[in-house]
Amino acid sequence: MRVYAKYIYPLGGAAPIRNGYVDYDPADGTILGFGGGESIPEDATVLDGAVTPGFVNAHCHVELSYMKSLFKRGTGMAGFIDQINALRDTAPLQEKLSDIQEQMDSMWRSGVSAMADISNCEDSFAIKAASPMYTRTFLEVFGTEPEDCAGVMASARELCRKAAACGLDAAPTPHACYTMSPELLKASSEDAIRAGFLSYHSEETPEEEEMISSGSGRLWNNRKAAGMSTPPVTGGSSLDYFLDTIGPVKDANVLLVHEVCMTAEGAARAQEMIPNVFVALCPRSNIYIHNALPPVEMLRRSGIRLALGTDSLSSNDSLDMVSEMLCLQENFEGLSLGEILSWSCEGGADFLGKGDILGSIAPGKRPGLVLIDHLDASGRLTTASSSYRIV
Ligand SMILES: [Zn+2]
């Protein structure tokens, strides 16, 4: 089967093709080849838009889909945590399951071929296992009191057995510096590293940095007011605290999610200590919670691998990858669609260890094929752009 389009973005080091085609096996979507230029016959139907590999949503919490439209915007991290604590478990299970199903179906239809998904419970397991989308499930743990560490890890490992019984790839993973004792951060990171994949919310907000560097700020006060133990005050960044706690990581892929406050020194140190480190950008979630964006220009210069995620419907209006891409294009001048797509497809696929099948259009791979429509005259995204799965 052959599909023609105005633009083809094979990625994987191949340049975008104007007026090109992709050949694939309709039985299982295996790519057979691609090309362009003179080989397009006059009578061919040429799709008006860009054909790309399936997207990889590098950060989602699909189990929180029932929280859509419940959260106030711009509350900062301390306000966000208060809201999530008040609203967690306020919906009946049946409603949660139907919201998860709806979002999984809509992500698949819009071209998401794989996802790095956070779970705190088993609500989403059966639905993810039945979906044609590949998901790796990160069983996120919290616990500010050191004496709770063993119990929290035992529950996470039990949840891991349930995920495995459903056929999911899953392992415990740490949440963030402000919700965990150093003991739990270390123990959950060890489980994640053993499994080969760690995902961690890092430097999401200045409140997190204030907490670790100087023991002050709204997040610090919020935790203190709740009577919780707080992480050590180090005088350094929260990323340094994470790196110093887990030490060098040679044999696992590590995803730092958000990194709104990352510095060039931090990016360099992370790459030095963790050769397979990635940063997941979730720009619309960052705007939703604290009206900030990650330092994309610095991240590009640093050479750190980038991926793109939607985060959850507690901090976003939709789980739509094209909206995240448009947000980057609108806020960072000079980003090409090809570069944004490489983060949206290849970055996440490589983090998940699926770069041999997903993330780029190349013979033998099965990345899925997606059409992004309503591009402008120069081939850039517009507010009308949307995506749908061709294969
Ligand atoms: Zn998150």
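These numbers come from a predicted model, not from an experiment.

1. A short note on the coordination of the zinc ion
Each pair of donors in an ideal four-coordinate tetrahedral metal site encloses 109.5 degrees, whereas pairs in an ideal six-coordinate octahedral site enclose 90 or 180 degrees.
Line of reasoning, step 1. Taken together, the protein ligands of the zinc ion are H59 (NE2), H61 (NE2) and H201 (NE2), with distances of 2.1 to 2.2 Å.
Line of reasoning, step 2. Each donor residue of the zinc ion lies on the same chain, and together they follow the pattern H-x1-H-x139-H. Here the residue H61 occupies a position in the loop between β5 (55-60) and α1 (76-87), and H201 occupies one in strand β9 (residues 197-202), the gap between them amounting to 140 residues. The exposure classification of H61 matches that of H201, with both residues buried.

2. What about the sheet that holds strand β6 (residues 112-119)?
Line of reasoning, step 1. On the basis of which strands lie adjacent, the open sheet formed by four strands has the order β5-β6-β7-β8 and parallel pairing. Since the sheet does not close on itself, it has two edges, and those belong to β5 and β8 (169-174), each with one partner. Sheet twist, expressed as the mean angle between neighbouring strand axes with direction ignored, is 20°.
Line of reasoning, step 2. Packing of helix α12 (residues 321-331) onto the sheet brings it into contact with β5 and β6, and relative to β5 it is tilted by some 85°.
Line of reasoning, step 3. On top of the sheet, helix α13 (residues 337-351) reaches β5, β6 and β7 (134-141); it is set at about 70° to β5, its chief contact.

3. Focus on the nonpolar core
Line of reasoning, step 1. Judged by nonpolar contacts, the single largest core of 86 residues is most densely connected at F55, L256, M262 and M325.
Line of reasoning, step 2. Residues lining this core come from more than one domain, with at least three contributed by each of domain 1 (1-54 + 357-391) and domain 2 (55-319).
Line of reasoning, step 3. Those residues in contact with M325 that lie beyond four places of it in its chain are F55, L308, I340, L341, S344, I372 and L381.
Line of reasoning, step 4. Counting 18 residues, the second-largest nonpolar core is a separate cluster that includes V56, F138, A280 and A307.

4. Quick word on the packing of aromatic side chains
Line of reasoning, step 1. Counting across every chain of the model gives five aromatic pairs.
Line of reasoning, step 2. Ring geometry for Y200 against F242: centres 3.9 Å apart, planes inclined by 10°, an arrangement best described as stacked. Taken together, the residues Y200 in strand β9 and F242 in helix α8 (residues 238-246) connect sequence positions 42 residues apart. Take Y200 and F242: they sit in the same class, and that class is buried.
Line of reasoning, step 3. Within the aromatic cluster, the residues linked to one another by ring pairs are F138, F197, F278 and F351.
Line of reasoning, step 4. Here the guanidinium or amino end of K96 rests over the ring plane of Y66, the centre of that ring lying 4.9 Å away.
Line of reasoning, step 5. The ring of W108 carries R389 above its face, with NZ or CZ at 3.4 Å from the centroid.

5. Some details on the sheet that holds strand β3 (residues 31-36)
Line of reasoning, step 1. Judged by pairing direction, the sheet is mixed, and its six strands sit side by side in the order β3-β2-β1-β4-β13-β14 without closing on themselves. In the strand order of this sheet, the two ends are held by β3 and β14 (387-389), each with one partner. Strand-to-strand, the axes of this sheet are offset by a mean angle of 40°, without reference to chain direction.
Line of reasoning, step 2. Looking at chain direction, strand β4 (residues 46-53) and strand β13 (residues 369-373) are connected through five bridges and run antiparallel. Bridge pairing in β13 links P53 to L369.

6. Some words on the pairing of strand β2 (residues 17-24)
Line of reasoning, step 1. When you tally the buried positions in β2, you get six out of eight residues, the bulk of the element.
Line of reasoning, step 2. In this structure, strand β1 (residues 2-8) lies alongside β2, joined through six bridges in antiparallel fashion. Each residue of the ladder has a partner; that of Y4, found in β2, is Y21.
Line of reasoning, step 3. By the bridge criterion, five bridges tie β2 to β3 in an arrangement that is antiparallel. Bridge assignment links G20 to a residue of β3, and that residue is G36.

7. A closer look at the packing of helix α10 (residues 283-290) against α12
Line of reasoning, step 1. Look at α10 against α12: their axes get within 8 Å of each other, and the N-to-C directions meet at 75°. One finds that α10 runs roughly perpendicular with respect to α12. In this structure, α10 uses P283, R284 and I287 to contact α12, whose residues at the interface are S323, E324, C327 and L328.
Line of reasoning, step 2. Taken together, the residues of the contact of α10 with α12 sort by class into four nonpolar, one polar and two charged.

8. Re the environment of I246
Line of reasoning, step 1. Topologically, I246 is positioned in helix α8.
Line of reasoning, step 2. Assessed through its relative accessible area of 14%, I246 is described here as buried.
Line of reasoning, step 3. For the pair formed by I246 and P182, sequence separation is 64 residues and the distance between their alpha carbons is 9.5 Å.
Line of reasoning, step 4. Discounting residues that sit within four places of it in the chain, I246 has contacts with S189 and I274.

9. Overview of the environment of E208
Line of reasoning, step 1. Structurally, the position occupied by E208 is in helix α6 (residues 206-214).
Line of reasoning, step 2. As for E208 and P295, which are separated by 87 residues in sequence, their C-alpha atoms are 16 Å apart.
Line of reasoning, step 3. With residues up to four places along the chain from it excluded, the contact list for E208 reads C177, Y178, H201, S202, E203, L219 and S238.
Line of reasoning, step 4. Only 2.8 Å separates the side chain of E208 from the backbone nitrogen of E203, close enough to count as a polar contact.

10. Here's the deal with the pattern of salt bridges
Line of reasoning, step 1. Within the structure shown, the criterion is met by 17 salt bridges.
Line of reasoning, step 2. The residue K186 makes a salt bridge to E190 at a minimum N-O spacing of 3.9 Å. In this pair, K186 and E190 are both assigned in helix α5 (residues 182-195), four residues apart and thus about one turn of the helix distant.
Line of reasoning, step 3. Looking at K186, the relative accessible area reads 42%, which means it is partly exposed.
Line of reasoning, step 4. Measuring nitrogen to oxygen at the nearest pair gives 2.8 Å for the salt bridge that ties R300 to E339. Taken together, the residues R300 in helix α11 (residues 296-302) and E339 in helix α13 connect sequence positions 39 residues apart.
Line of reasoning, step 5. The class of R300 is partly exposed, set by a relative accessible area of 31%.
Line of reasoning, step 6. By relative accessible area, E339 is classed as partly exposed at 23%.
Line of reasoning, step 7. A single salt-bridge network, built from bridges that share partners, covers R157, D191 and R194.

About the criteria used
- Residue numbers here run from 1 along each chain, matching the order of that chain's written sequence.
- Whole-chain, interface and lining totals are the exception, using all residues; otherwise, since this is a predicted model, local features are given only for residues with pLDDT of at least 70 and side-chain atom pairs are given and counted only at 80 or more.
- Side-chain measures here rest on the full set of heavy atoms in the structure, leaving out hydrogens and waters.
- The rule for donors is simple: an N, O or S atom within 2.8 Å of the metal counts, and for Na, K and Ca the reach is 3.2 Å. Water is not among the atoms, so a site may look short of donors.
- Each helix corresponds to a stretch of at least 4 residues labelled H or I by DSSP, and each strand to a stretch of at least 2 residues labelled E; elements are numbered beginning at the N terminus.
- Buried residues are those whose accessible area, probed at 1.4 Å on protein chains only, stays under 20% of the maximum for their type, while exposed residues exceed 50% and partly exposed ones sit between those limits.
- DSSP calls a pair of strands paired once it identifies at least 2 bridges connecting them.
- Convention adopted: a line fitted to C-alpha atoms gives each axis, helices being fitted over their contacting stretch, and angles between N-to-C directions are expressed from 0 to 180 degrees.
- Contact definition: two residues touch when any of their heavy atoms are within 4.5 Å.
- The nonpolar core is taken to be a set of buried Ala, Val, Leu, Ile, Met, Phe, Trp, Tyr and Cys residues, with the residues joined through side-chain atoms within 4.5 Å.
- Note that domain bounds follow an automatic or database assignment of domains.
- Two aromatic rings, drawn from Phe, Tyr or Trp (for Trp, its six-membered ring), form a pair once their centres lie within 6.5 Å of each other, and the interplanar angle then sorts them: stacked below 30 degrees, edge-to-face above 60, tilted otherwise.
- Criterion for a charge above a ring: Lys NZ or Arg CZ within 6 Å of the ring centre, and within 35 degrees of the ring normal.
- Orientation is classified from the angle alone, with under 35 degrees giving roughly parallel, over 145 giving roughly antiparallel, 65 to 115 giving roughly perpendicular, and any other angle giving oblique.
- Side-chain classes follow a simple rule in which Ala, Val, Leu, Ile, Met, Phe, Trp, Tyr, Cys and Pro form the nonpolar group, Asp, Glu, Lys and Arg form the charged group, and the remainder, Gly included, forms the polar group.
- Polar contact is the term for a pair of N or O atoms within 3.5 Å; when the atoms are in protein, one must be able to donate a hydrogen and the other to accept it, and sequence-neighboring residues count only if both atoms are side-chain atoms.
- Here, a salt bridge means any side-chain nitrogen of Lys or Arg that lies within 4 Å of a carboxyl oxygen of Asp or Glu.

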